[in-house]
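Results of the structural survey
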Amino acid sequence: DDRPRPVYLDAASAAPLHPAARQALQAALDDGWADPDKLYAVSRRARQLLEAARAAVAEAIGCRPEEVTFTPGGADANRRGLLGLLRGRRRFGDTLVHSAIEHSSVLHTAAAHVAAGGRAVSVPVDRLGRLDLDAFRPAVTADGVAAAAVMSANHEVGTLQPLDEVAALCADAGVPLLVDAAQSLGRVPVPAGWSVLTASARKWGGPAGVGVLVVRTGVRFDAGETDLAGPVPPVPVPLAVAAAAAL
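As the structure is a computational prediction, the values presented were derived from the model and not from experiment.

Along its length, the protein carries seven helices and seven strands. When the helices and strands of the protein are placed in sequence order, the string is α-α-β-α-β-α-β-α-β-α-β-β-β-α. Over its C-alpha atoms the protein spans a radius of gyration of 19 Å, differing by no more than 12% from the 18 Å that the globule rule assigns to 247 residues. Partitioning the contacts of the protein with sequence separation of at least 6, the portion at a separation of at least 24 is 68%.

On to the packing of aromatic side chains. Applying the stated rule across the entire model yields zero aromatic pairs. Looking at R91, its charged tip hangs above the ring of F92, at a distance of 5.9 Å from the centre. Sitting over the face of the ring of W194, R216 holds its NZ or CZ atom 4.0 Å from the ring centroid.

Right, let's talk about the pairing of strand 6 (residues 196-200) for a bit. In terms of residue burial, strand 6 counts as a mostly covered element, since five of its five residues are buried. Covered by surrounding structure in strand 6 are V196, T198 and S200 together with L197 and A199, the residues of both alternating faces. For strand 5 (residues 177-180) and strand 6, the ladder comprises three bridges, and the chain directions are parallel. Bridge pairing in strand 6 links L178 to V196. Two strands pair when backbone bridges link them, and strand 6 and strand 7 (residues 211-215) are joined in this way by five bridges, in the antiparallel orientation. Across the sheet, L197 pairs through a bridge with V214, a residue of strand 7.

As a packed pair, helix 3 (residues 74-88) and helix 4 (residues 104-115) sit with axes 9 Å apart at the nearest point and diverge in direction by 35°. Between helix 3 and helix 4 the crossing geometry is right-handed. Side by side, helix 3 and helix 4 meet where A75, N78, R79, L82, L83 and L86 of the first sit next to S105, V106, T109 and H113 of the second. Residue classes in the contact of helix 3 with helix 4 are distributed as five nonpolar, four polar and one charged.

Residues W33, Y40 and V42 make up a contiguous nonpolar surface patch of roughly 370 Å² in combined accessible area. With respect to the element layout, W33 can be found in the loop between helix 1 (19-31) and helix 2 (41-61). Classification of W33 as exposed rests on a relative accessible area of 58%.

Spatially, 1-7-6-5-4-2-3 is the arrangement adopted by the seven strands of the open sheet, whose pairing is mixed. A single partner strand is all that each edge strand has here, and the edge strands are strand 1 (68-71) and strand 3 (119-123). Within this sheet the neighbouring strands show an average axis-to-axis angle of 20°, counted without direction. Bridging between strand 1 and strand 7 involves four bridges; their strand directions are antiparallel. Counted as the bridge partner of V68 is V214 from strand 7. Contacting strand 1, strand 6 and strand 7, helix 2 crosses the sheet at an angle of about 115° to strand 1. Against the sheet, helix 4 makes contact with strand 2 (95-99), strand 3 and strand 4 (145-149), and its axis sits at roughly 155° relative to strand 2, the strand it touches most.

Here is what the cut-offs are and how they apply
- Residues numbered from 1 in each chain as written.
- Predicted model: local features only at pLDDT ≥ 70, side-chain atom pairs only at ≥ 80, totals over all residues.
- Heavy atoms only, no water.
- Helix = DSSP H or I, 4+ residues; strand = E, 2+ residues; numbered from the N terminus.
- Rg over C-alpha atoms; globule rule 2.2 N^0.38 Å.
- Contact = heavy atoms within 4.5 Å.
- Phe/Tyr/Trp six-rings, centres within 6.5 Å; stacked < 30°, edge-to-face > 60°.
- Lys NZ or Arg CZ within 6 Å of the ring centre and 35° of its normal.
- Buried < 20%, exposed > 50% of the residue type's maximum accessible area, 1.4 Å probe, protein only.
- Pairing = 2+ DSSP bridges.
- Axes fitted to C-alpha atoms, helices over the stretch in contact; angles between N-to-C directions.
- Left-handed = near helix turned anticlockwise from the far one by under 90°.
- Nonpolar A, V, L, I, M, F, W, Y, C, P; charged D, E, K, R; others polar.
- Patch = residues over 30% accessible without salt bridge, like charges linked within 9 Å, V, L, I, M, F, W, Y side chains within 5 Å.
- Areas by Shrake-Rupley, 256 points an atom, 1.4 Å probe, with all protein chains shown as cover.
- Salt bridge = Lys/Arg side-chain N within 4 Å of Asp/Glu carboxyl O.

See the structure below:
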C-alpha cells in the first residue's frame with residue numbers, strides 16, 4: 001500500500017492514547033470498576049488504585065498526594081481553581097489578574113466574576129505571546145488583588161511564559177498564583193512558585209475526561225461545594241489510573 005499515511009500534529013489539543021495508558025486502562029476496567037467510596041472488598045480495591053494514581057501524579061508534579069484532585073477535565077480544573085482562590089481570598093479583595101491569552105475557561109471565569117460584581121485585569125503580551133512583566137508588576141501589586149492566573153505555555157503558539165519572574169512578583173505581593181500547566185506538564189519541568197496548578201490528561205497521552213487540580217496546602221481556598229459549582233464529580237477510577245500511567 002503506497003497511499004500516504006496520515007500525520008497528526010496537534011498534540012496541543014489532544015495526544016493519542018499512550019500505550020502505557022491503554023494497558024493500565026484495560027487492567028483497571030477489570031479491577032477498578034467499583035465505587036471507591038464504598039466499603040465492599042471490590043470498592044476498597046478501587047480506592048487503592050485511585051490513591052496509587054493520585055500518588056503517581058503527585059510524584060510527577062512534586063507535591064503531596066492529598067493536594068491532588070482529579071476533575072472531569074482541564075477546563076473544569078481551571079474554573080474550580082480560580083473560583084476557589086477568589087472565594088478563599090475575598091477578605092483580601094475581589095480582583096483577578098490574568099494574561100490576555102489565557103485558555104477560554106479562564107477568560108470565561110474571569111468574565112463571570114466581573115458579571116457577579118468582581119474585577120478582572122487583563123495583562124497584555126508582546127508580539128511573540130510573552131507576558132508583559134512591566135504591565136503585570138503594577139497589576140498584581142495593586143490593592144485588592146485576590147488571585148493571579150498565568151498559563152505555563154500557550155496552547156495556540158507554544159510560547160513559554162516567564163513563570164519564575166511571575167511567581168516571584170506574586171510572592172512579593174502575597175498573591176496566590178494559578179498556573180494552567182495543560183500544555184507543559186509531562187513535557188518540560190514543572191514550574192515553581194504556584195499556589196494552584198491545573199492540567200489535562202489528554203494533552204500528555206492520557207484519556208479524555210480527566211483533569212488535575214492541585215491546591216498547595218496552606219493556600220486560602222474555598223471549594224464552595226454549596227454553590228452552583230458543586231462538589232467535584234467523581235472521575236472513573238480506570239480513567240484516573242490511565243492518566244497517571246501516561247504521565
